[in-house]
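# Commentary on secondary and tertiary structure
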Amino acid sequence: MRTNRVTASLRSRRVWTDLAKIFSTICNPFLTALALFVILAHAFRNDTTGFWELLFASTFFTSIGPMLFVLWLYATDRIADLDMSRRAEREAVFSAFVVFYLLGTCTLWLIGAPPMLIATMAGYTASALVVQFITRFWKISTHAIGITAPLVALVVLYKWQPLPFLVLIPIVCWSRVYLKAHTVAQVVAGVALGGLCVLLFFHIFKLV
């Protein structure tokens, strides 16, 4: 009987671990940024050419480029794992992310993208810059930033419609803490930073 209880407990623990890994993988910052800019490009461009122009100009610098860069670093043993667990590795990688996002902001501005896309990209740039600095001393959660920033942007754009999806914020934060990738303080700081950066640049661009 006791053996059965232990087995059931271990099976249950594996289920929660697997669930945390699923949410952590699906809601990683590259994919959430991709989803956000797909929605924004569709919201502001009705024609096919305009949609793909906005989508490529935004997702290349927030998702495709950074993701390929991280995969290259991992494949060439320049980082220990895809989560960039080592602090020194994270600082160097986020320096590159700042460049990606800054180039993305400039590109969107040059092609005359809607202010909301430029403001969103600028928010990503600012948050990456802050993370790059914080990482020297502390491991703030980029997953928390990555899920919060897009949802805040969507709430500003669509008001009440995206509110049910805000439940993803505590779920993703729980997954990172459960997997021992971050502390509660680190995910809370990530949520705060992600939301504040988006709102700050939306305010600068007079979108809120």
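Located above this text is the structure these notes cover.
Let us look at the structure shown here. (Residues numbered from 1 in each chain as written. Predicted model: local features only at pLDDT ≥ 70, side-chain atom pairs only at ≥ 80, totals over all residues. Heavy atoms only, no water.)

### A word on the environment of Thr142
With respect to the helices and strands, the residue Thr142 is situated in helix α6 (residues 142–158). Put simply, Thr142 and Phe94 are 48 residues apart on the chain and 10 Å apart in space, counted from C-alpha to C-alpha. (Helix = DSSP H or I, 4+ residues; strand = E, 2+ residues; numbered from the N terminus.)

### Section: the packing of α6 against helix α8 (residues 184–204)
Viewed as axis vectors pointing N to C, α6 and α8 meet at an angle of 35°, and their least axial separation amounts to 8 Å. Crossing of α6 against α8: the hand is right-handed. Across the interface between the two elements, Ala144, Ile145, Thr148, Ala149, Val152, Ala153 and Val156 from α6 touch Val187, Gly190, Val191, Leu193, Gly194, Gly195, Val198, Leu199 and Phe202 from α8. The residue inventory of the contact of α6 with α8, partitioned by class, reads 12 nonpolar, four polar and no charged. (Axes fitted to C-alpha atoms, helices over the stretch in contact; angles between N-to-C directions. Left-handed = near helix turned anticlockwise from the far one by under 90°. Contact = heavy atoms within 4.5 Å. Nonpolar A, V, L, I, M, F, W, Y, C, P; charged D, E, K, R; others polar.)

### Structural notes on helix α3 (residues 48–75)
The terminal C-alpha atoms of α3, which comprises 28 residues, lie only 35 Å apart, well short of the 40 Å expected from a rise of 1.5 Å per residue. In the structure, α3 departs most strongly from a straight axis at Phe60, where the bend amounts to approximately 60°. Count one or two residues on from α3 and you reach Asp77, which has phi positive near 60°. (Expected span 1.5 Å × (residues − 1). Bend = angle between axes of the 7 residues up to and from the residue.)

### Remarks on helix α4 (residues 87–110)
End to end, α4 covers 35 Å across 24 residues, agreeing with the expected 34 Å (1.5 Å per residue, within 8%). Along α4, the residues classified as buried are Glu89, Arg90, Val93, Phe94, Ala96, Phe97, Val98, Phe100, Tyr101, Gly104, Thr105 and Leu108. The inward-facing, buried residues of α4 contact α2 (29–44), α3, α5 (115–134) and α6. (Buried < 20%, exposed > 50% of the residue type's maximum accessible area, 1.4 Å probe, protein only.)

Keep in mind these values describe shape, not function.
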